[in-house]
Amino acid sequence: MKLIFGILLVGLWTLKASESARPRRSVKEADLDIYSFNVDCKVTSRYAHTVMVSRVANRANVSKEVTFDVELPKSAFISNFSMTMEGKTYVGVVKKKEEAKQQYDQAVARGESAGLVRVSGRKMEEFKVSVAIAAHSKVTFELTYEELLKRNLGNYDIVIKVSPQQLVKNFKIDVDVSESQGISFLDVQGKFLTQELKNAIQKTVTEDKAHISFAPTIDQQRKCPECQESILDGEFIIKYDVKREMSIGNIQIVNGYFVHYFAPVHMPRIPKNVVFVIDRSGSMYGKKIQQTREALLKILQDVNEEDSFGLITFDHSITPWKNKLVKATPTMIAEAKEFVNTIRDSGATDINGAVLEGVKILRIAKEERQVPERSVSIIILLTDGDPTTGVTNLEQIQSNVKTAIKEQFTLYCLGFGFDVNYNFLEKMALENGGVARRIYEDSDSALQLQDFYEEVASPLLMDVELQYLNNEVSSVTQSRFKFFYNGSEIVVAGQITDNDLDFLTTDIKAESVESALILTTKSPIANKDKISEKQQYIFGDYIERLWAYLTIQQKLSKTVTASEEDKKKLQEEALKLSLSYNFVTPLTSMVVTKPEDEGRNQSMVADKPQEGEAHEDDIDGNAYQYFSRSSARHHPMALPGLSGPPGPYYDAVQTYRGSRVLRKSRNRFWKNSVSIPRPTFRTAKYLRRLPETAPTLTIATVHLLTMPPAPTFITRHVNIYPQDPKFIIPVPSRMHSLCFDVSVSAGTILQLIHDPDSGITINGKTDDAGKIMFQAFSIKYKDQYKVTVGLENITLHTVEDSSDQNWSWKSVQHSADKISLSLVKKNVMKIIFDNKVIKIMLLKSPGPFLWLNVQLGNFSSSSSGLLGQFAKGVSYEEKMVSLNNPSRIELQGHDLDVISKLETDYGNSSKIKVRCFVVDSNGDGLIDGPLSRYIMTDLFEGS
């Protein structure tokens, strides 16, 4: 049985906690007893300190493996982790990442295997550790992490995601909130809460404190009186806000540190001038463009009549709706909606030209005084891919945009999906006063776009500056902010340097819609200390830790746009603070060492990597890798109310010379599905499309450097040479994918997918050695189109008029009825027939060769072919697992000998490694029938 517990403190605006326990099928549920799980979340003036304690007993007569799995927000810092076994507690120590890496490499060099803390979810990361506990023994896991809650649209949200999937004897969630300003409202809600479960909630709210407890009994957790399944499945949400006045804000001082919260209310909004720059290139085909239209229609409906707006759509050409800004009158809004309804996908991607056109429209409006002098001008760019036409050099585009904007306007960049170069958008946004945000390809993509607009819809102040006398304070966090948006909050913290100071002098300067705003106050330090004494039951040094947390975040954020020299200095300063406060940040790692009886030590290394750390060019055949969930960068607080971007959809690669480690993926659709779902063929791992509801993540990645002799899931990889590719079929809810290769003669043509329902057939031609390093692919769509993809050229044959169109890999671009061809990246081509997306990768190593990247779930269950047969789903049961040695699984009613090892995903641009059960002998026992069934005599045969 696998035990998974997760807690999430939500990203930059909200606090989330999620808890779940999932049994592993291969171990009897009765063997491991989760007899206690407690979440204790304490919030003191927005600073959240969360402790999770899980206690598990092994009731079996043999040792068992227990997995402790914790979900936490990208922006949270782990500050403590410990395991207690057999009366001994092993506590984590934070070290410089390079030192922890050295310890990691040494352990791997001794032949020890590794474990990983994986990440799941749109805006969360997952800390996971597995240990073996002896028969009739117990283990206690305790994890602590900290985060500053961010206010979003007038609320702080505490969301506890409850999904244990089993009955837990001592299940309890405690949340304490202490706010010296006073609590204006607090509400508890959850869709899964029946009346009986509501009776298990205890809520006490006083003037400035609140306590919420949720402790359902075993019977209350049951789905029905006799059921063993748990009804706890959903979000347990606590919403609250504090009392506010139109004043200089709230200043708190404890032990020589201060924090200043500023969020004025009842202020008139500043008119906004916004230009929407929308990508309509071929890669926006299908659901993306549909959801973009839906979102724009809703956004236009909400544009304030005081605002001015413009619309630009672009592919390889730039199409402004109008060549100037217009007032958001009902007539103009109606016309704009008509224009939005005509947006269709086609062509390449000219990001440079589109953004510069938006700047031009804003600049003309300002110069010709078409907009109020006291107004906010912003550009919102939405794109889903790299620039492929016009100016395509990323640094040149960033330079052009920065030069054009000249700090007069603000640029927000929204990256739709994961073909986009997020780091490029992030830097461009930060250089121009904005932030970047990833829009996830999911059913709620339109809502994500609407939510982002709502955050920036109502600016209340511009050019906000909080000033403190230099001889009174030092080490002050960011104190200048371009905008203050309605429903958000500005937070500044620092140290008080004058020990004899009686008052802290504060000046606030800002521009409102009416005039310049200047506020001055003197805060008595003695009184503030007395106020803070009321909160000591939470944790007394919370302001100092808040200051350190905020300082580290902001220094790391500045590295995005800093020069190499300044970047090094910022990282050194952030590292020093991370070590001082025992924070696991992108610069540090937490090491836990447990002595073993045989004299060896078992070590864990927990990392918090940053988004974009790994690049395709950084990966080589000699570097060992581990991969983990990438974190969002820690963004500056210059835009209160706006979060940093969610982390990437896929796991980034970290290069550690010495080991490669994999993680298991989890998919909620699979978990809740009765039938076997269709996997995605990424030639390596399942492409997760999670319907996450949680908002923003940075990660802690844990590596167990010595695993017990019990079955393990992750091992080191010792092949230093590029691997020949294998077909890799992901399997729902299983650590290992199923992998196989075929051995055929030179230039053999194999049928990969034949889908009679959609009319799509894909064949591939092997290389001169008969390996599946394909030299050509053919894609036939009904009796209408035939596409041939080679190493040099692409040909599209239209059956109706017997015409051929040819492109090189650098120039491919075409859009017509029911077909689209476009270059996503310089080595990735996307072909779309109806809603079926097919990607072809052009790879140089160990090639050159072509590789196929498709989602099998998009094809019908009647599909056939070497890959198509798995569109209907596949599953197996583990019988015996031995790392890098013969193992055995039960597949389709028969036993199958396999090898457990890591294989390269050539369908992923970072060439990550995935754990596979490799089936030899041309996939015998895995594929239907003999291999000869799939051998064709012509590229377009078999359709």
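Residues numbered from 1 in each chain as written. Predicted model: local features only at pLDDT ≥ 70, side-chain atom pairs only at ≥ 80, totals over all residues. Heavy atoms only, no water.

By the naming in an unreviewed UniProt entry, the protein chain goes by Inter-alpha-trypsin inhibitor heavy chain H3 and is assigned to Erpetoichthys calabaricus. Heading Subcellular location (unreviewed entry) of the UniProt record for the protein chain holds this comment: "Secreted". (UniProt positions renumbered as here; feature names shortened; annotations may be inferred.)

1. A look at the overall build of the protein chain
Looking only at helices and strands, the protein chain features 14 helices and 53 strands. Total accessible area on the protein chain stands at roughly 34500 Å², and carbon and sulfur atoms take up 46% of it. (Helix = DSSP H or I, 4+ residues; strand = E, 2+ residues; numbered from the N terminus. Areas by Shrake-Rupley, 256 points an atom, 1.4 Å probe, with all protein chains shown as cover.)

2. Remarks on empty space enclosed by the protein
In this model, the second largest cavity occupies a volume close to 100 Å³. Residue lining of the second largest cavity: Phe276, Ile278, Thr292, Ala295, Leu296, Ile299, Ile380, Leu382, Leu414, Leu449, Phe452 and Tyr453, and that is the complete set. Considering every element that reaches the lining of the second largest cavity, the biggest residue donor is helix α4 (residues 287–302), with four residues. Its residues assigned to classes, the lining of the second largest cavity comprises 11 nonpolar, one polar and no charged. (1 Å grid on protein atoms, 1.4 Å probe; cavity = no way out; pocket = protein on both sides within 12 Å on 5 of 7 lines; lining within 4 Å. Points joined across faces, edges and corners; volume = space filled by probe spheres on them. Nonpolar A, V, L, I, M, F, W, Y, C, P; charged D, E, K, R; others polar.)

3. Topic: the pairing of strand β39 (residues 760–765)
When you tally the buried positions in β39, you get five out of six residues, the bulk of the element. Where strand β38 (residues 749–755) lies against β39, six bridges are found, and the strand directions are antiparallel. When the bridges of β39 are listed, Leu750 appears paired with Gly764. Between β38 and β39, which pair antiparallel and follow one another directly, the connecting turn spans four residues, one of which, Gly759, has a positive phi of 80°. Relative to strand β40 (residues 776–781), β39 runs antiparallel, the two being bridged by six bridges. Paired with Ile762 across the two strands is Ile779, which belongs to β40. (Buried < 20%, exposed > 50% of the residue type's maximum accessible area, 1.4 Å probe, protein only. Pairing = 2+ DSSP bridges.)

4. Some remarks on the environment of Ala446
Relative to the helices and strands, Ala446 resides in helix α9 (residues 445–456). Along the sequence, Ala446 and Leu297 sit 149 residues apart, while their C-alpha atoms lie 9.9 Å from each other. Contacts of Ala446, omitting those with residues within four sequence positions, involve Gln291, Glu294 and Ala295. (Contact = heavy atoms within 4.5 Å.)

5. Notes on the side chain of Ser230
The topology assignment puts Ser230 in the loop between α3 (218–221) and β15 (234–242). We classify Ser230 as buried; its relative accessible area is 7%. A polar side-chain atom of Ser230 sits 3.0 Å from the main-chain amide nitrogen of Leu232. Sequence-distant contacts of Ser230, defined by excluding residues within four places in its chain, comprise Pro164, Gln165, Gln166, Leu167, Gln221 and Lys223. (Polar contact = N/O pair within 3.5 Å; in protein donor to acceptor, adjacent residues only side chain to side chain.)

6. So, the nonpolar core
Judged by nonpolar contacts, the single largest core of 62 residues is most densely connected at Leu752 and Val789. The residues contacting Leu752, other than those within four sequence positions of it, are Phe727, Ile762, Asn763, Gly764, Phe774, Phe777, Leu852, Ser864, Gly865, Leu866, Leu867 and Gly868. Core analysis: the next-biggest nonpolar cluster, separate from the first, contains 56 residues, Leu72, Phe127, Ile160 and Tyr240 among them. (Core = buried A, V, L, I, M, F, W, Y, C linked by side-chain atoms within 4.5 Å.)

7. Overview of the pattern of salt bridges
Throughout the structure, instances matching the rule amount to 31 salt bridges. Across the salt bridge formed by Arg280 and Asp315, the nearest N and O atoms sit 3.1 Å from each other. Taken together, the positions of Arg280 in the loop between β18 (272–279) and α4 and Asp315 in the loop between β19 (308–314) and β20 (318–320) put the pair 35 residues apart, joining distant regions of the chain. Here Arg280 and Asp315 have matching classes, each one buried. Overlapping salt bridges, with partners in common, bring together Arg46, Arg151, Glu179, Asp241, Arg244 and Glu489 in one network. (Salt bridge = Lys/Arg side-chain N within 4 Å of Asp/Glu carboxyl O.)

8. Re helix α6 (residues 351–367)
The end-to-end C-alpha separation of α6 is 24 Å, in line with the 24 Å expected for 17 residues at 1.5 Å each. Listed in full, the buried residues belonging to α6 are Ile351, Asn352, Gly353, Ala354, Val355, Glu357, Gly358, Val359, Ile361, Leu362 and Ala365. Sitting at the head of α6, Asp350 places a side-chain oxygen 3.0 Å from the backbone nitrogen of Gly353. Arg369 lies just past α6 and shows a positive phi near 55°. (Expected span 1.5 Å × (residues − 1).)

9. Description of the state of the cysteines
Within this structure, the stated rule accounts for two disulfides. Note that Cys224 is cross-linked by a disulfide to Cys227, the S-S spacing being 1.7 Å. The sign of the 90° torsion about the S-S bond sets the Cys224-Cys227 disulfide as right-handed. One disulfide bridge connects Cys739 with Cys916, the sulfur atoms lying 1.8 Å from each other. Taking the sign of the S-S torsion, about -45° here, the bridge from Cys739 to Cys916 comes out left-handed. Remark: Cys916 occurs in strand β52 (residues 913–919) and Cys739 occurs in strand β37 (residues 737–740); sequence separation between them is 177 residues. Grouping residues by exposure puts Cys739 and Cys916 together as buried. If the cysteines joined by disulfides in the protein chain are listed in sequence order, their pairing comes out as 1-2, 3-4. (Disulfide = S-S within 2.5 Å.)

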